[in-house]
Every structure is written in structure tokens, then in C-alpha cells.
Amino acid sequence: MNFDDTPQEAEFRAKAHAWLSQQVEPIDPDRVAPNMLGEREDDATIAAAKAWQAKKFDEGWAVLTWPKEFGGQGLGRMEQVIWNQEEAKFDTPPNIYTIGHGMLGPTIMAHGTPEQTERYIRDMARGQEVWCQLFSEPDAGSDLAALRTSAVRDGDEWVLNGQKIWSTGAQYSDWGMIVTRTDPNAVKHAGLTYFIVDMRSPGIEVRPIKQINGASGFNEVFFTDVRVPDANRLGKEGDGWRVAITTLMNERVAIGAGSGAGRMRDLFNLAREVRRNGRPAIEDASVRQRLAQFYVTSKGLQYTGYRTLSALSRGATPGPEGSIGKAVGAPLSQEIASFAMELQGSMGAVLDSDVVPQDAVWQDAYLGAPGIRIAGGTDEILRNIIAERVLSLPPEIRVDKDKPFRDVPTGPPSA
Amino acid sequence: MNLEFSEDQKFVQQTAREFLAEHAGLDVCRKVLESPQVAYDAELWKGVAEMGWLGAAVPESHGGAGMTHLELALIAEEIGRSLAPIPFASSVYLATEGLLLAGSDEQQQQHLPRLAAGDLIGTFALAEGPGEVALDGLETRFSNGQLHGEKLPVLDGDVAGLALVAARGDAGPVLALVDLGGKGVTRTALRSFDPSRSQARIRFDGAPAELLGDASKGAQLIEDLLDRAAVMMGFEQLGGAQRALELTRDQAMGRYAFGRPVASFQAIKHRFADWYAAIELARSNGYYGVWALSEGNDELPLAACAFRSAASDAFELAGEEMIQIHGGVGFTWEYDCHLFYRRAKLLSAALGTPSEWREKLIKRIEARHAA
């Protein structure tokens, strides 16, 4: 039992820190932690992100956990987290590769042909090509396998029609990974096929979604007679669900990097700054109880992440226990933001960052929080996962299981 | 970073689990709970002493097993799992720990071997009636080698032979060591919310006592002792919460309603998921706490507060959910749910309630911030 770095970990941390210090400026550790959902996607930002990724790749600091044969460094998850922690101390361009490097690359490595691997992996690693995920649909969210975007074979090509949604970064991506329905007569999970699609293909239209927080990190992507060569199929026809599971298994909450320490520090500072009953709010007993609850749960989440990391670095495979992080962390962020706004009194309802404490970061966080509770597994789906896969409670009773997908109800019966 | 217990430590835990499965079934807890004249299970106490757990963290030179607090924490978790009806917490995490922390050579030599052997039961007396204890407002007085005042409730106070008593000394709070079998001590058993664990009222009328540790650092000593005991008690709470979850899971899997297992309803599954998360988050805080304790590093004061409040909340939640998910039978005397429900509340109250530890946490964070 040891929460400190091992000598090897400390050495890696020092090396990473030293390299970063030579490249980029450190962030003032006391500055208010920016809202994680403050997406920036203008051309200059994307160009800066690509340049930074290329530099890291060329000097051996990119895709650390990927095997060397795929351009990675063959390091463990522990080193990746240490790197993330160190990089977070510096002012760097945003990371637009989380989905590609974390989820899509590993899927290609696991299921791709040698030609596909050769063609895509290195450019993905170096960041010169950006990737997005095309999974969710308007009628297939939590029930992802209910997706209906169709792919119909036509000689050596497939013709795609349908609509995807909630695709992060689709507007600046070069490639997408898409799950389609190729056999509506098969049962739900059996009729799916996975493809790599060129985002500049004719017939693809990307429309940013304006979110409740005013940002547009997500997109709708429309497919109208989009032609995809059969060479871009990933895995066998009808095997798309199995391939998709590989992608989803890699969709792990980034552990370790976001310890929530900055957020907790900002919350305590706010409670010291604003007043309640004529005194600093932090002297109020009810405020203290809430602060303590937030602190205890945040620490619990942080150390639970460390426990997962520690197990993984000893060779365990990522398990469903990881769902705790999001199941608890997402609603917690909303509660904390809500409480911080409450501390501000009537100013809680003001958004002007020049008059609201801490640049109105809590107002932004509160507007972004509902999205976090939904994206990548809703609170409810995560609880099902914990109940079924960790505690082995019975799965949901399914009414769509043994019938052809085309016979599965999609709405209330017509009167 | 390595957040796993070693193979040797896991072996200690496994041995404890097996021993307690054999010797401390819930029937053992129930027997004490249902016998008003019995304060604890003497046979189990003897067995636990023979296993060497009472002196787990006591050096071999004082009759202990010479293990660390990491092993002791895992034993505590197993004690919690079994709801063992013995004065383990009072004697081990509090009396023994206090002597290890601040006892003179002579005091250690005199008491530790007997505590480790189980021949002497120790306890810690802090509370003085309803409400929170303020160390600077203690009414029990220690002066000229004598104790005056009244302590209640004192966990295991009716059966302990030795007590560490928090009292007002001549220059601030102190810990006094007192022979509870000596003169000037009057003890009355209280009706305990969890009758498988006894509690007492103790009156001191000039009872002879001696100082434990430095008279000028009594408050710090009491805080240290509470922090350390809180971590150990937290593991006991984790064990209880986890066992309650497992038993309730089995019951919900086996019981059918509306033609399907009760455990298959989302309303029930989500309760289980939240319950599991509460235990795991508390456990993670516990790992940090016991690491800080065993390293003797200065994270302990914050870690102890965080763990203790999380573990108390998790076990209390467990007691409540256990009955709720069991349904009507959970409310019967015959089913074991109330054993957990009672134990959870008793352990929460024993070293300061969850809200007291949360308050203490903020106090300490603010003190650090000011420094």
C-alpha cells in the first residue's frame, strides 16, 4: 500500500516535467480551473493542437500506451496518467485526440487488417488526421444497438444512409468510425457492420448542435448515399457489435488526470470570499457540512481512480468497476456547481464573468453538467452496469431480444 | 503507486475471515443481543486473543504480534463483517493504541501484554452525556492523581478493567489511565441501542488515576488517538456494510415478486449500485487513511476525517437499505437485518458522529489554509 510514486514513476515524472518545461509555459497553479466543457474549435486552435501533437510524437511523448509497432512508446497506464498530470500543469492546446487515441486506434489495432493498420494508425498517432466516432443516433442513445443508419452493399462499395448524432469533433475530423445496420432482418445486435469513413465523402453533412451552454462541441452528421469502399469495413459483415464493444470498452473515464483538486480548491476559495449571515460563508455550519461532503466524495473518487489504475498497471483488465467514477462524479459536478451558485446568492443567476466571482466558472459548469450526466453512459445506464456486471444482478427483461430488428417497436402503437 | 495489500496481508485477512466464519456467525452476535446479562461473547474473545489479533500492532517485546496497522485494518474489516460481539474496538483501537502512542515504558510494560492476551479489556471514555464533546469543555477533572466526574456512554465500560479517560487537567485536557476495578469507580450498564455491544455510565469519585503522556499535549494526544481509531473503526464499518450488501443481494435474488426476482427491478438495482458505490468510495478513502497512518505522514488528520465520515455514512446506508430491500421480513426480530441496522448506528456514534467528523475536516482544512 503506497500512494507515492515508485522511484521509476518519480523518474518518469521528472523527465516528462523537464521536457514540458522546455516546450511550453506553466499554468499559474492558483488560477481558477477552467470549465472542462469550454470547447474551442476554431481553425487556429485546431492547427495549434495538431502542431503540439506532432511535436510530442516526434520526440517520443505521444500515444504512450500504444505498442511500439504502432508508433507508441509501449508504456503502462501509470505512465500515461503521470504524463497527463504533468501536461495539465502547462498551457497547451486542447487535446482533440482523446477519442481517436483512446478508443478508435485500439479498435483498429484489434480488428483492422494489416493494410488498414498501416494506412491509418501512424497518422492518427502523430495527429495529422483527426478522428471522430459515429455511434449514437436520434433513436439510438442508451439503446445503441437500435441504430438504423443503413449500409447496403453495391459491388465493392457500401451505400450509407441515415443520421448520427453527438459526434464530438466531427466538424474538424478527417475520418470517422461508424456502426451501421446491414441486415434489418437479423436480430438487433446481429445485423450491424462497422466501417471507417472518409469525412470528406460526398453526401456527408456535418451540422454543429447548439447546446444549452451555448457551445457546439457535438454535431449531427447526415449521410445521404455516401459510398464507402468495402476495404474500409472493420471486421466482418454482421460483426459490428463485437467491434463496437472494443471501442466502448476503451471508453474509460480518464483516470487520475482530473483529480478534482483544482475544483475543490476553487470552491473553498469561493466559500471564503462570499458572505453569509454577515460572516464568510465558510464559517457557516451548513456550508461546512456540504463542503465536507463534496470533499469526501471527491477524494473517494480520486482514490478509486488510483485503485483502478494500480490494478491495471499490474495487468488487470479494465472492469465495470470503473463505472463508479462517472456514475458518482457526473451528478456530483452538477451538485457542486449548483451549490457554488447558491453561495453567490442572487449573483448566482448572473453570467457576466467580470462581476461574478471566479469568472462565472460555476455558472458555466452548471450549464454543462447535464450533458456530462448523459454523454458516454447516462447515470441510469451506469447504475445498470454496476448492478448487472459488478453485482451480478439479473439483466433487464428484454422485449426486443429474439425478433428481427424490423419487428421491434419504435413508438407507441397507432390507435 | 501501489494500492494493493501484500499477499501476506491478504493472507492475514483470509485467515481472519475463515476463523470468524467458523466462530462468529451472526447467531453469536444474536445470542449476546438477546441476553441482557451478557455483555460480550467471552469464548470468541478468548479465540480472538489466541489468534493474536488483540495485540496485532503491539511489538513482540510487549506480547504482541508485531504487525502493522495495515494488517490490523484488515482484521478490523473482518470483525466488522461478522458483527463480532466483543470489545475489540475499545480495547484494541483505543486503549492499546493510546498506550502505544503515549504510554511510558512502565505503563506499556504493565498493560500491553495483558491487553494483547485478552486478560485485560481496555476502553476509552470521552463523552459526558448528550451532544458533542468539546475537549476544552470537559467536566471530568483530573487533579492530584484523582479523577472526579461522570462519563457516559462508555463503550464496553461495564466490562473493561482499564480506561483511558479524557479529563480536564490542571492545564488543559489530558488523558488519564484508570483501573476501573479500583476504588472511587461506580459503573452502571446502559441499555444499548445495539445490545450486542455494551455501554455504561461511569462515575469517578476520587478514583486513583495516572497521567498518560505529556500533560501539556493532552488535546493533541486525544485528537491523534481519535484519528487512528477512526481509521480502524472505519474498516470495521466497511466490513459490516459489505456483508449487509452481500446478504441483501442474496435475498433479493431469491425472492420473487410479480413473477421475477426482486433483484431484477431497476428500482432495486439502482439502490444496490448506489450502495456499492458508497462502500467503494469509502474504501478508497480508507486505503488512503490507513496508508497515511502506517506511514505516520501528516495527511492522516484530513484522511481520518474523510474516511470516518464516509464509512459511517456507508454503514448507516447499508443498515437502512438492508431492511428496505428485504421488505417486511427485514423488520422482524427473527431476521438479522436489525443486527446491522443497530451496529451501524452504534459505530457511527462511538467516536463522534459523521457530521462531527465533517466539521472537524473543515476546521483542519481551514487551519492548514491559514498556516
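What counts and how
- Residues numbered from 1 in each chain as written.
- Chains lettered and ligands numbered in written order.
- Predicted model: local features only at pLDDT ≥ 70, side-chain atom pairs only at ≥ 80, totals over all residues.
- Helix = DSSP H or I, 4+ residues; strand = E, 2+ residues; numbered from the N terminus.
- Rg over C-alpha atoms; globule rule 2.2 N^0.38 Å.
- Buried ≥ 20, exposed ≤ 12 C-beta atoms within 10 Å, placed from the backbone.
- Contact = placed C-beta atoms within 7 Å.
- Pairing = 2+ DSSP bridges.
- pLDDT = per-residue confidence, 0-100.
- Expected span 1.5 Å × (residues − 1).
- Nonpolar A, V, L, I, M, F, W, Y, C, P; charged D, E, K, R; others polar.
- Axes fitted to C-alpha atoms, helices over the stretch in contact; angles between N-to-C directions.
- Left-handed = near helix turned anticlockwise from the far one by under 90°.
- Parallel < 35°, antiparallel > 145°, perpendicular 65-115°, else oblique.

Undergrad: How should I be thinking about the overall build of chain A in this particular structure?
TA: A count of helical and extended segments in chain A gives eleven helices and ten strands. Scaling as 2.2 N^0.38, a compact globule of 415 residues should have a C-alpha radius of gyration of about 22 Å, and chain A matches this with 23 Å. Its C-alpha atoms give chain A principal-axis dimensions of roughly 75 × 60 × 45 Å. Burial statistics for chain A: of 415 residues in total, 37% are counted as buried. By sequence separation, contacts in chain A at least 24 residues apart represent 72% of the contacts at least 6 residues apart.

Undergrad: Where do I start with the overall build of chain B in this structure?
TA: Within chain B one finds eleven helices and nine strands. With the principal axes as the frame, chain B shows a C-alpha extent of 70 × 50 × 40 Å. Sorting the 371 residues of chain B into buried and exposed places 56% on the buried side. A sequence separation of at least 24 residues applies to 75% of the contacts in chain B between residues at least 6 apart.

Undergrad: Looking at this structure, how should I read the pairing of strand β4 (residues 175-181) of chain A?
TA: Residues and elements named next belong to chain A. Most of β4 is tucked away, with six of its seven residues classed as buried. Pairing between strand β1 (residues 131-134) and β4: four bridges, direction parallel. Paired with Leu 134 across the bridge in β4 is Ile 178. Summarising the sheet, β4 and strand β5 (residues 192-198) pair through seven bridges and their orientation is antiparallel. In the sheet register, Met 177 faces β5, and the bridge partner there is Ile 196.

Undergrad: What should I look at first to understand the confidence of the model for chain B in this one?
TA: Interpretation of this model should avoid reading the predicted coordinates in detail wherever pLDDT is low. Of all residues in chain B, 100% have pLDDT values of 70 or greater, and the mean over the chain is 97. With pTM at 0.95, the complex prediction returns an ipTM value of 0.97.

Undergrad: Just to check I follow, could you spell out unusual backbone geometry for this structure?
TA: Negative phi values dominate among residues other than glycine, just as trans dominates among peptide bonds. For the bond from Leu152(B) to Pro153(B), the omega torsion is -5°, close enough to zero to count as cis. Examined against the element boundaries, Pro153(B) turns out to sit in strand β3 (residues 146-155). Despite not being glycine, Ser392(A) has its phi angle at roughly 55°, a positive value. The topology assignment puts Ser392(A) in the segment after α11 (379-390). Residue classification places Ser392(A) among the exposed residues on the basis of 11 C-beta atoms within 10 Å.

Undergrad: Would you take a moment to explain the environment of Ala102(B) for this structure?
TA: Residues and elements named next belong to chain B. Residue placement: Ala 102 occurs in helix α5 (residues 88-102). Separated by 119 residues in sequence, Ala 102 and Leu 221 have C-alpha atoms that sit 7.6 Å apart. Setting aside residues no more than four positions away along its own chain, Ala 102 makes contact with Leu 175, Leu 212, Gly 213 and Leu 221.

Undergrad: What should I look at first to understand helix α8 (residues 285-312) of chain A in this one?
TA: Residues spaced three or four apart along an α-helix face the same direction, because each turn holds 3.6 residues. Compared with the 40 Å implied by 1.5 Å per residue over 28 residues, the 41 Å span of α8(A) between its first and last C-alpha is a close match. In terms of residue burial, α8(A) counts as a mostly covered element, since 22 of its 28 residues are buried.

Undergrad: What should I look at first to understand the interface of chain B and chain A in this one?
TA: Accessible area lost upon the coming together of the parts is a frequently used measure of interface size. Facing the 36 residues of chain B at the interface are 37 residues of chain A. Of all the elements in the fold, those that place two or more residues in the side of chain B that touches chain A are β9 (260-261), α8 (266-295), α9 (300-326) and α11 (354-370) of chain B. For the side of chain B that touches chain A, the element with the highest residue contribution is α8(B), accounting for 15 residues. For the side of chain B that touches chain A, a count of residues per class yields 21 nonpolar, seven polar and eight charged.

Undergrad: Can you help me understand the packing of α5(B) against helix α7 (residues 218-254) of chain B in this one?
TA: Each pair of packed helices gets described by two things: the angle between the helix axes and the distance between those axes. All names here are of chain B. As a packed pair, α5 and α7 sit with axes 10 Å apart at the nearest point and diverge in direction by 145°. The way α5 lies across α7 gives a crossing that is right-handed. Along its contact with α5, which presents Ala 89, Tyr 93, Leu 94, Glu 97, Gly 98, Leu 101 and Ala 102, the element α7 presents Leu 221, Asp 224, Leu 225, Arg 228, Ala 229, Met 232, Met 233 and Glu 236. For the contact of α5 with α7, a count of residues per class yields ten nonpolar, one polar and four charged.

Undergrad: How should I be thinking about the pairing of strand β4 (residues 162-169) of chain B in this particular structure?
TA: Here is the key point about a regular strand: its side chains alternate between the two faces of the sheet. Residues and elements named next belong to chain B. The element β4 is largely enclosed, with a buried count of seven among its eight residues. The pairing of strand β1 (residues 122-125) with β4 spans four bridges and is parallel. Pairing of Thr 123 across the sheet is with Ala 163, part of β4. Relative to strand β5 (residues 172-179), β4 runs antiparallel, the two being bridged by eight bridges. Its bridge partner being in β5, Gly 169 is matched across the sheet by Gly 172. Hairpin connection of β4 to β5: two residues between the antiparallel strands.

Undergrad: What exactly am I supposed to notice about the environment of Pro26(A) here?
TA: All names here are of chain A. Locating Pro 26 in the fold gives a position in the loop between α1 (7-23) and α2 (43-58). Pro 26 sits 150 residues away from Gly 176 along the chain, and the two C-alpha atoms are 34 Å apart. Each residue touching Pro 26, except ones within four places of it in the same chain, is listed here: Lys 89 and Phe 90.

Undergrad: I tried to follow α5(B) on my own but got confused; where do I start?
TA: Under the 1.5 Å per step criterion, the end-to-end length of α5(B) is 20 Å for 15 residues, consistent within 8% with the ideal 21 Å. Burial of α5(B) is extensive: 13 of the 15 residues sit out of reach of the surface.

Undergrad: Teacher, can you tell me more about the environment of Trp61(A) here?
TA: Residues and elements named next belong to chain A. Mapping Trp 61 onto the fold places it in the loop between α2 and α3 (77-87). As for Trp 61 and Gln 73, which are separated by twelve residues in sequence, their C-alpha atoms are 7.7 Å apart. For Trp 61, the contacting residues outside a window of four places in its chain are Trp 19 and Lys 56.

Undergrad: Please clarify how the packing of α8(A) against α11(B) should be interpreted in this entry.
TA: Two elements in contact, α8(A) and α11(B), have axes separated by 9 Å at closest approach and are oriented at 90°. In terms of orientation, α8(A) and α11(B) fall into the roughly perpendicular class. Contacts between α8(A) and α11(B) pair Arg288(A), Gln289(A), Leu291(A), Ala292(A), Gln293(A) and Tyr295(A) from the former with Ser355(B), Arg358(B), Glu359(B), Leu361(B) and Ile362(B) from the latter.

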